[in-house]
Amino acid sequence: MKIDRLQAFSDGVFAILLTLLVLDFKVPDYQAGHLSQAVIAQWPTLAAYVLSFFYVGTLWLFHHDYFAKIKQTNWQLNVINLSILFAVTLINYPTSLLSESIAQQNGADIRFAFTSYAIVALVISALFWVLYRYMALHHELMRQYEQ
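Criteria and thresholds
Residue numbers restart at each chain and count upward from 1, following the sequence in its written direction. Given that this is a predicted model, residues contribute local features only at a pLDDT of at least 70 and side-chain atom pairs are listed and counted only at 80 or more, while totals for whole chains, interfaces and linings are drawn from all residues. As a convention, hydrogens and water are excluded, and side-chain values are obtained from all of the structure's heavy atoms. UniProt positions are given in the numbering used here, feature names are shortened, and annotations may be inferred rather than shown by experiment. Only DSSP runs of H or I reaching four residues or more are called helices, and only runs of E reaching two or more are called strands; each is numbered from the N terminus. The size measure is the radius of gyration over C-alpha atoms, and the globule rule it meets is 2.2 Å times the number of residues to the 0.38 power. Throughout this description, buried means an accessible area under 20% of the type-specific maximum (1.4 Å probe, protein chains only), exposed means over 50%, and partly exposed covers the range between. Only heavy atoms matter for contacts: two residues are in contact if any of them lie within 4.5 Å across the pair. Per-residue and other accessible areas were derived by the Shrake-Rupley procedure at a 1.4 Å probe size, with only the shown protein chains allowed to occlude residues. For this count, His and the chain ends are skipped, Lys and Arg are scored as positive, and Asp and Glu as negative. The atoms used to mark charge sites are NZ of Lys, CZ of Arg, CG of Asp and CD of Glu. To get an axis, a line is fitted to the C-alpha atoms, and for a helix only the part in contact is used. The angle between two axes follows their N-to-C directions and goes from 0 to 180 degrees. If an angle is under 35 degrees, it is roughly parallel; if it is over 145, roughly antiparallel; if it lies from 65 to 115, roughly perpendicular; otherwise it is oblique. We call a crossing left-handed when the near helix sits turned anticlockwise from the far one by less than a right angle, and right-handed when that turn is clockwise. Definition used in this section: a nonpolar core is a set of buried Ala, Val, Leu, Ile, Met, Phe, Trp, Tyr and Cys residues joined via side-chain atoms within 4.5 Å. Between the first and last residue of a helix there are one fewer steps than residues, each counted as 1.5 Å, and that sum is the expected span.

Per an unreviewed UniProt entry, the protein chain carries the name DUF1211 domain-containing protein and comes from Latilactobacillus curvatus. Listed in UniProt under the heading Subcellular location (unreviewed entry), the comment for the protein chain reads: "Membrane".

The following block contains the structure:
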């Protein structure tokens, strides 16, 4: 597989994930004349969306910049990349847990939701570390830049 294909696939996964994050938004149930209050009551959904959008966006920027430095791929790098993409797509679920638990205002549920989010973030970070470590050991896959 050419590195361009790997980058295009990865960019597509990130783009779809960022798009799917917005699907938590629903038109609220409201009584006539009270739409603004119903929308304001949805602030937990917006807060969780903003958090995850910028988190995933930052991950995409790191991924994009790092893979721009790679000149070729192999099956091990493809598996590492696919693992990273899998882990990143998991962020949708704890994002929904966060918005729902904050809306319900239950402390134990909020702690569980944040812990779930943190565990997914930890897995993502660990997989990026695996990528960096792998590339440090296989520097022949990296582009050589002039100083």
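The next point concerns the overall build of the protein chain. Looking only at helices and strands, the protein chain features 6 helices and 0 strands. Order of helices (α) and strands (β) in the protein chain, N terminus to C terminus: α-α-α-α-α-α. Against the 2.2 N^0.38 benchmark of 15 Å for 147 residues, the protein chain shows a C-alpha radius of gyration of 19 Å, more extended than a compact globule. For the C-alpha atoms alone, the extent of the protein chain along its principal axes is close to 65 × 30 × 30 Å. Counting every position in the protein chain, which comprises 147 residues, the buried fraction comes to 35%. For the protein chain, contacts bridging at least 24 residues in sequence account for 78% of all contacts bridging at least 6. Within the structure as shown, the protein chain displays about 9400 Å² of accessible surface, and the carbon and sulfur contribution to it stands at 66%. Averaging the coordinates of the 8 positive side-chain charges in the protein chain and doing the same for the 9 negative ones gives two points 10 Å apart.

Attention shifts here to the packing of helix 3 (residues 43-67) against helix 4 (residues 75-89). In a packed pair of helices, the relevant descriptors are the angle between the two axes and the axis-to-axis distance. Helix 4 packs onto helix 3 with a crossing angle of 170 degrees between their chain directions and a minimal axis gap of 12 Å. Judged by the angle between their axes, helix 3 and helix 4 are roughly antiparallel. Note that helix 3 runs across helix 4; the crossing there is left-handed. Contact residues: helix 3 offers Val56, Leu59, His63 and Phe67, while helix 4 offers Leu77, Asn81 and Val88.

So, on to the UniProt feature "transmembrane region" (unreviewed entry) in the protein chain. The UniProt feature table records "transmembrane region" (unreviewed entry) at residues 12-28, 40-63, 75-94 and 114-134. The span residues 12-28 is 59% helical and 0% strand by assignment, and the distance between its end C-alpha atoms comes to 30 Å. Taken end to end, residues 114-134 is 100% helix and 0% strand, and its two terminal C-alpha atoms sit 30 Å from one another.

The tendency in soluble globular proteins is for nonpolar side chains to be buried side by side. Core analysis: the biggest nonpolar cluster contains 33 residues, and Ile70, Val88, Leu131 and Met135 have the highest contact counts within it. Leave out the neighbours within four places in its chain, and Met135 touches Tyr66, Ile70, Leu77, Leu141 and Met142.

Before going further, it helps to examine helix 5 (residues 92-104). Across its 13 residues, helix 5 extends 19 Å between first and last C-alpha, which sits within 8% of the 18 Å expected from 1.5 Å per residue. Considering only its buried residues, helix 5 is in contact with helix 1 (3-21), helix 3 and helix 6 (107-137). Gln105 occupies a position one or two residues after helix 5 and carries a positive phi of about 55 degrees.

When you line up the elements, Tyr49 lands in helix 3. Not counting residues up to four positions away in its chain, the partners in contact with Tyr49 are Leu21, Val22, Phe25 and Thr95.

The next thing to look at is the environment of Ile80. Along the chain, Ile80 turns up in helix 4. By relative accessible area, which is 12% here, Ile80 ends up buried. With 48 residues separating them along the chain, Ile80 and Phe128 place their C-alpha atoms 8.5 Å apart. Setting aside its immediate chain neighbours within four residues, Ile80 contacts Leu127, Val130, Leu131 and Tyr134.

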